[in-house]
Amino acid sequence: MAAHEEFFAGIPKIQYVPDAGPGDVMCFKHYNPTEVLMGRTMEDWLRFSVCYWHSFCGTGADPFGFPTLLQRVWNEGTPMEAAKKRLRAAFEFFTKLGVKFYTFHDRDMSPEGATLEESNKNLDEITDLALQLQTQTGVKVLWVTCNLFAHPRYMNGAATNPDCHVLAYAGAQVKKGLDVAKKLGAENFVFWGGREGFHSILNTDVAAELKHMAGFFKMAARYKEKIGLKCQFLIEPKPKEPCRHQYDYDAMSVIGFLKHHGLERDFKLNIEPNHTTLAGHSYEHDIVVASAFGMLGSVDSNTGSPDLGWDTDQFPMDIRNTTLVMKTIVEQGGLQPGGLNFDAKVRRESTDLEDLFIAHIGAMDAFARGLRNAVHIIEDGLITGMVKERYSSFSHGLGQKVEDGSATLEEMEAFIKENGEPKTLYST
Ligand code: XUL
Ligand code: CO
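What you are looking at is a predicted structure, and each value in this text was computed from that prediction instead of being measured. Sequence order as written defines the numbering, with residues in each chain counted from 1. Here every chain gets a letter starting at A, and every ligand a number starting at 1, in the order they are written. It should be noted that, the model being predicted, local features are given only for residues of pLDDT at least 70 and side-chain atom pairs only at 80 or more, the latter also being counted only at that level, while totals for whole chains, interfaces and linings use all residues. With hydrogens and water stripped out, all remaining heavy atoms of the structure feed into the side-chain values.

Describing the sheet that holds strand β6 (residues 188-192)
Link 1 in the chain: Reading around the circumference, β3-β4-β5-β6-β8-β10-β11-β12 is the order of the eight strands in this closed barrel, with parallel pairing throughout. Geometrically, the sheet is characterised by an average inter-axis angle of 30° between neighbouring strands, direction not taken into account.
Link 2 in the chain: Strand pairing requires that DSSP identify at least two bridges connecting the strands. Note on conventions: DSSP H or I runs of at least 4 residues are helices, E runs of at least 2 residues are strands, and numbering of each starts at the N terminus. Pairing of strand β11 (residues 296-300) with strand β12 (residues 340-342) involves two bridges; the strand directions are parallel. What sits directly across from aspartate 300, in β12, is asparagine 341.
Link 3 in the chain: Docked against the sheet, helix α12 (residues 353-380) engages β3 (48-51) and β12, running at close to 155° with respect to β12. Inter-axis angles, ranging from 0 to 180 degrees, are taken between N-to-C directions of lines fitted to C-alpha atoms, where helices are fitted over the stretch in contact. We call two residues contacting when some pair of their heavy atoms lies within 4.5 Å.

So, in structure tokens, the structure goes:
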């Protein structure tokens with residue numbers, strides 16, 4: 001990269017300095033990538049990923065205010081020149097931060113053209129550069145996704161649009177997205193149902209829309225098979241925003257949908273805790289539910305503010321939250337081929353380039369602390385032992401039969417006649 005402009009001049013590779021003073025914010029105080037915990041390096045447990053759209057395409061605009069982050073030098077030039085500069089800046093950032101993965105939407109990577117052919121040509125040109133930068137740096141694609149929600153054609157949804165012409169456009173876009181995933185060796189491919197839902201039930205044929213969405217996923221699974229694409233498909237639940245109601249409401253709704261349509265072997269879930277809390281659950285709820293069904297594939301590790309009902313995509317800094325998430329991840333044996341993707345943005349007031357580093361460093365340290373805590377909880381075994389004891393009645397006798405599915409209601413009745421009331425705090 002030496003032949004090219006440096007975007008983060010004066011910022012060296014971020015190091016692990018455990019005894020750094022509180023004022024030293026440009027180093028890791030907890031994230032030590034090569035340190036081994038429970039047989040695996042921290043880097044391997046955490047599999048951090050930088051999100052291209054927030055950190056390199058984000059403008060700082062909000063519903064009440066204009067962009068504040070447009071001064072980034074990588075925004076200069078024609079849209080295609082800017083796309084290339086932006087990509088070089090991003091790879092310099094990944095390398096200096098020491099993160100091995102990134103995620104992007106097709107339309108973050110390169111500008112949309114006047115026709116599908118033109119958009120695809122732009123994508124070909126920019127992904128050629130992405131491939132070159134990936135080979136030079138060793139940074140890989142954690143996942144690709146298609147933006148099926150920003151363009152006006154998708155105002156009534158993509159796979160659930162009432163007009164098949166729009167659904168066809170989304171299909172053509174996903175076909176290209178899967179080709180790009182193959183070209184760049186993406187480890188996963190995400191479907192976030194941006195506008196797959198409704199604002200009014202009165203103008204919506206819910207059954208038809210859900211059937212079309214399942215059909216759309218089946219087409220994607222068939223094309224993936226056809227081109228020999230090896231990545232994991234993921235669905236990212238979200239209950240609302242931008243739609244009033246979104247079909248992929250939360251982990252349990254998506255798991256039910258996938259099982260109903262026989263898609264559970266083709267997909268896992270990408271859980272974003274800020275979406276989980278929007279659904280009215282606790283931060284870790286959907287991580288735990290998805291994992292319980294063997295369907296936790298990846299995590300968009302961000303947070304909202306508990307006192308807000310919005311998707312604010314903040315960097316996660318709460319150690320209690322990161323501890324509970326990492327406990328689930330370690331207990332299920334890791335996230336690979338998924339990872340912890342920072343679907344998070346600096347605030348619109350955080351206009352300094354350095355802020356991009358500080359935000360990521362803080363979140364990476366928060367997860368490193370969460371990992372250490374989780375390993376401590378698991379290795380010390382106290383909670384695991386208590387939970388095992390709590391369910392110990394299922395390890396023998398009638399409990400064992402319930403466990404293996406062979407128990408009958410008649411046996412329940414006979415058991416109660418013989419043993420009476422369950423033992424509780426108040427029984428004698
Ligand atoms: C939106 C969201 C998306 C997906 C990818 O709330 O989380 O950025 O992660 O489309
Ligand atoms: Co997300």
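Next comes the rest of the description.
Overview of the site of ligand 1
Link 1 in the chain: The near set for a molecule or strand comprises every residue that places at least one heavy atom within 4 Å of it. Lining the immediate environment of ligand 1, one finds Trp53, His105, Trp143, Trp192, Glu236, Lys238, Glu272, His275, Asp300, Asp311 and Asp343.
Link 2 in the chain: Side-chain atoms alone can form a polar contact between residues adjacent in sequence; in general such a contact is a pair of N or O atoms within 3.5 Å, and within protein one must be able to donate a hydrogen while the other accepts it. Between ligand 1 and tryptophan 53 there is a distance of 3.4 Å, counted from an oxygen atom to a side-chain nitrogen or oxygen.
Link 3 in the chain: Here an oxygen atom of ligand 1 and a side-chain polar atom of glutamate 272 are 2.7 Å apart.
Link 4 in the chain: Working definition of accessibility: Shrake-Rupley area with a 1.4 Å probe, residue cover restricted to the visible protein chains. Its free accessible area being 290 Å², ligand 1 has 93% of it covered by the protein chains.
Link 5 in the chain: Basically, the charged four are Asp, Glu, Lys and Arg, the nonpolar ten are Ala, Val, Leu, Ile, Met, Phe, Trp, Tyr, Cys and Pro, and anything else, Gly included, counts as polar. Looking at the shell around ligand 1 residue by residue, the classes come out as three nonpolar, two polar and six charged.

Focus on the coordination of the cobalt ion (ligand 2)
Link 1 in the chain: Distances decide who is a donor: an N, O or S atom must be within 2.8 Å of the metal, or within 3.2 Å for Na, K and Ca. Water is not included, so sites may look incomplete. Glu236 (OE), Glu272 (OE), Asp300 (OD) and Asp343 (OD) make up the full set of protein donors to the cobalt ion (ligand 2), lying at 1.9 to 2.2 Å.
Link 2 in the chain: According to the relative accessible area criterion, glutamate 236 is buried, its value standing at 3%.
Link 3 in the chain: A relative accessible area of 1% means that glutamate 272 is categorised as buried. Between buried and exposed lies partly exposed: a residue is buried under 20% and exposed over 50% of the maximum accessible area for its type, with that area taken using a 1.4 Å probe on protein chains only.

Some remarks on the packing of helix α3 (residues 79-97) against α12
Link 1 in the chain: α12 packs onto α3 with a crossing angle of 40° between their chain directions and a minimal axis gap of 11 Å. Comparing the axis directions of α3 and α12 gives the class oblique. In the crossing of α3 with α12, the sense of the turn from one axis to the other is right-handed. Across the interface between the two elements, Phe93, Lys96 and Leu97 of α3 pack against Leu356, Phe357, His360, Ile361 and Met364 of α12. Comment on the angle field: the value is read as roughly parallel under 35 degrees, roughly antiparallel over 145, roughly perpendicular from 65 to 115, and oblique elsewhere. Here a crossing is taken to be left-handed if its near helix is turned anticlockwise relative to the far helix by less than a right angle, and right-handed if that turn runs clockwise.

Some details on the domain arrangement of the chain
Link 1 in the chain: Those domain boundaries reflect an automatic or database domain assignment. Splitting the chain by domain gives domain 1 (36-390) and domain 2 (399-428).
Link 2 in the chain: Computed from C-alpha coordinates alone, the two centres of domain 1 and domain 2 are separated by 45 Å.

Quick word on the pairing of β6
Link 1 in the chain: Most of β6 sits inside the fold, with five of its five residues counted as buried.
Link 2 in the chain: Burial along β6 is two-sided: Asn188, Val190 and Trp192 facing one way and Phe189 and Phe191 facing the other are all buried.
Link 3 in the chain: Sheet topology places strand β5 (residues 140-145) next to β6; three bridges connect them, and they run parallel. Within the sheet, the bridge partner assigned to threonine 145 lies in β6 and is valine 190.
Link 4 in the chain: In the classification by handedness, the crossover that spans β5, the intervening helix α6 (residues 164-184) and the parallel β6 is right-handed. For crossovers, right-handed means that the path from the first strand over the helix to the second runs clockwise, given strands pointing away from the viewer.

What to know about the environment of cysteine 231
Link 1 in the chain: Within the secondary structure, cysteine 231 is located in the loop between α7 (206-227) and β8 (232-236).
Link 2 in the chain: Between the C-alpha atoms of cysteine 231 and tryptophan 143, which are 88 residues apart in sequence, the distance is 8.6 Å.
Link 3 in the chain: Residues in contact with cysteine 231, not counting those within four places in the same chain, are Ala186, Glu187, Asn188, Phe189 and Lys224.

Thoughts on α6
Link 1 in the chain: The span you would expect from a helix comes to 1.5 Å times its residue count less one. For α6, with 21 residues, the first-to-last C-alpha span of 30 Å sits near the 30 Å given by 1.5 Å per residue.
Link 2 in the chain: Taken together, the buried positions of α6 are Val166, Leu167, Ala170, Gln173, Val174, Lys176, Gly177, Leu178, Val180, Ala181 and Leu184.
Link 3 in the chain: Near the N-terminus of α6, the side chain that reaches the backbone nitrogen of histidine 165, with its oxygen 2.9 Å away, is that of aspartate 163.

Digging into the pattern of salt bridges
Link 1 in the chain: Every case where a carboxyl oxygen of Asp or Glu lies within 4 Å of a side-chain nitrogen of Lys or Arg is listed as a salt bridge. Evaluation of the coordinates by the stated rule reveals 21 salt bridges.
Link 2 in the chain: Glutamate 187 serves as the salt-bridge partner of arginine 47, at 2.9 Å between the closest nitrogen and oxygen. Taken together, the residues arginine 47 in the loop between α1 (42-46) and β3 and glutamate 187 in the loop between α6 and β6 connect sequence positions 140 residues apart.
Link 3 in the chain: Residues glutamate 284 and arginine 320 are paired through a salt bridge, measuring 3.5 Å at the closest nitrogen-oxygen approach. Of this pair, glutamate 284 sits in the loop between α9 (273-278) and α10 (285-292) while arginine 320 sits in helix α11 (residues 319-331), placing them 36 residues apart in sequence.

Remarks on the packing of aromatic side chains
Link 1 in the chain: In this analysis, rings of Phe, Tyr and Trp, with Trp reduced to its six-membered ring, are considered paired at centre separations within 6.5 Å, and the interplanar angle assigns stacked below 30 degrees, edge-to-face beyond 60, and tilted for intermediate values. Evaluated as defined, the whole model comprises 28 aromatic pairs.
Link 2 in the chain: Taken together, a centroid distance of 5.6 Å and an interplanar angle of 20° make the contact between tyrosine 102 and phenylalanine 104 stacked.
Link 3 in the chain: An aromatic cluster of at least three residues, connected via ring pairs, comprises Phe7, Phe8, Tyr52, Phe56, Trp74, Phe91, Phe93, Phe94, Tyr102, Phe104 and Phe357.
Link 4 in the chain: Here, a charge over a ring is recorded when the distance from Lys NZ or Arg CZ to the ring centre is within 6 Å and its angle to the ring normal is within 35 degrees. The ring of tryptophan 45 has arginine 40 lying over it, and the distance from NZ or CZ to the ring centre is 4.3 Å.

Section: the packing of helix α14 (residues 397-404) against helix α15 (residues 409-419)
Link 1 in the chain: Contact pair α14 / α15: the axes reach a minimum separation of 11 Å and the direction vectors enclose 160°. If you check the angle between α14 and α15, you find them roughly antiparallel. At the point where α14 passes α15, the crossing takes the left-handed sense. From α14, Leu398, Lys401 and Val402 reach across to α15, where they touch Glu411, Met412 and Phe415.

Digging into the environment of tyrosine 391
Link 1 in the chain: Mapping tyrosine 391 onto the fold places it in the loop between α13 (382-390) and α14.
Link 2 in the chain: For tyrosine 391, a relative accessible area of 46% puts it in the partly exposed group.
Link 3 in the chain: Put simply, tyrosine 391 and serine 282 are 109 residues apart on the chain and 24 Å apart in space, counted from C-alpha to C-alpha.

Points about the environment of lysine 96
Link 1 in the chain: Summarising the element assignment, lysine 96 is placed in helix α3.
Link 2 in the chain: Given the relative accessible area of 12%, lysine 96 is considered buried.
Link 3 in the chain: With 161 residues separating them in the primary sequence, lysine 96 and phenylalanine 257 have C-alpha atoms 41 Å apart.
Link 4 in the chain: Excluding its chain neighbours within four sequence positions, the residues that come into contact with lysine 96 are Glu6, Phe8, Ile11, Pro12, Lys13, Ile14 and Phe357.
Link 5 in the chain: Polar side-chain contacts of lysine 96 include one of 3.0 Å to the backbone oxygen of isoleucine 11.

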